[in-house]
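Notes for the structure review
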Amino acid sequence: MTTPSALDADEARARLPQLTVIDVRTPGEFAAGHLPGALNIPLDRIGRAVPTLREVHGELLVVCASGARSENACRVLAEHGVRALTLTGGTQGWAQGGHELHRPAPGTRTTWSMERQVRLTAGGLVLAGLGLGLLHPAWQLVSAGIAGGLVFSALTNTCGMAALLAKLPHNRPRPADLDATLAAVARR
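Note that the coordinates shown come from a computational prediction; the quantities given were computed from them, not determined experimentally.

1. Details of a nonpolar patch on the surface
Nonpolar side chains collect at one region of the surface, where Leu132, Leu135 and Trp139 lie side by side and expose about 330 Å² of accessible area between them. For leucine 135, the location among the structural elements is in the loop between α6 (114-133) and α7 (140-156).

2. Brief notes about the nonpolar core
Grouped together as the largest cluster of nonpolar side chains are 21 residues, with contacts concentrated most on Ile22, Ile41, Leu53, Leu60 and Leu77. Elements with a minimum of two residues in this core: α3 (46-54), β4 (59-63), α4 (68-79) and α9 (175-187). The contact partners of isoleucine 41, leaving out residues within four places of it in the chain, are Ile22, Asp23, Val24, Ile46, Ala49, Leu53, Leu178, Thr181, Leu182 and Val185. Core analysis: the next-biggest nonpolar cluster, separate from the first, contains 15 residues, Ala12, Phe30, Trp94 and Leu101 among them.

3. Observations concerning the pattern of salt bridges
Across all of its chains, the model carries 7 salt bridges by this definition. Note that aspartate 179 is salt-bridged to arginine 48, the shortest N-O span being 2.3 Å. Taken as a pair, aspartate 179 in helix α9 and arginine 48 in helix α3 lie far apart in primary sequence, 131 residues in all. With a relative accessible area of 38%, aspartate 179 lands in the partly exposed category. Arginine 48 sits in the partly exposed class, given a relative accessible area of 40%. Glutamate 59 serves as the salt-bridge partner of arginine 83, at 3.3 Å between the closest nitrogen and oxygen. Of this pair, arginine 83 sits in the loop between α4 and β5 (84-87) while glutamate 59 sits in strand β4, and the two are 24 residues apart along the sequence. The class of glutamate 59 is partly exposed, set by a relative accessible area of 27%. Connected through shared salt-bridge partners, Arg15, Glu59 and Arg83 make up one network.

What counts and what doesn't
- Residues numbered from 1 in each chain as written.
- Predicted model: local features only at pLDDT ≥ 70, side-chain atom pairs only at ≥ 80, totals over all residues.
- Heavy atoms only, no water.
- Patch = residues over 30% accessible without salt bridge, like charges linked within 9 Å, V, L, I, M, F, W, Y side chains within 5 Å.
- Areas by Shrake-Rupley, 256 points an atom, 1.4 Å probe, with all protein chains shown as cover.
- Salt bridge = Lys/Arg side-chain N within 4 Å of Asp/Glu carboxyl O.
- Helix = DSSP H or I, 4+ residues; strand = E, 2+ residues; numbered from the N terminus.
- Core = buried A, V, L, I, M, F, W, Y, C linked by side-chain atoms within 4.5 Å.
- Buried < 20%, exposed > 50% of the residue type's maximum accessible area, 1.4 Å probe, protein only.
- Contact = heavy atoms within 4.5 Å.

Take a look at the structure:
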């Protein structure tokens, strides 16, 4: 498996007008702040977008929060003959480099980042397992399972819990939103 080509935040900023930027985070994460001009196609919907992305003139830059999901998206796209670049460090690296993030208007409801959702869910399940373990020791296996999952997640740079949480309604795009995004990509 090859590593996708990458741009750091400064290189991407300099080339931004020539790039089509695709953000593969959940709609809630995207709404919390994204690169200027970015379009949101969540990672689990990237397969549906392949025919449209194949027709993009110029280069594609795929971004996520830290770079892991965008690398996965670039690999999926490469399997379908679509070349894409990834942003080193993702949106976090972009912001840490002092570059502007576009955010929704004040008062617009946004969703927590996926990382924050995973931390809350994992922590809650560990506490529940420990608490219920006072009633019966077998419940402590819940905490052990979550701990094992977190270790596996770190070693493989994947996250099953994030994949499950991404399927919750507040993390899913409405079909009309994805269709509008694909139409916007096709116009570029």
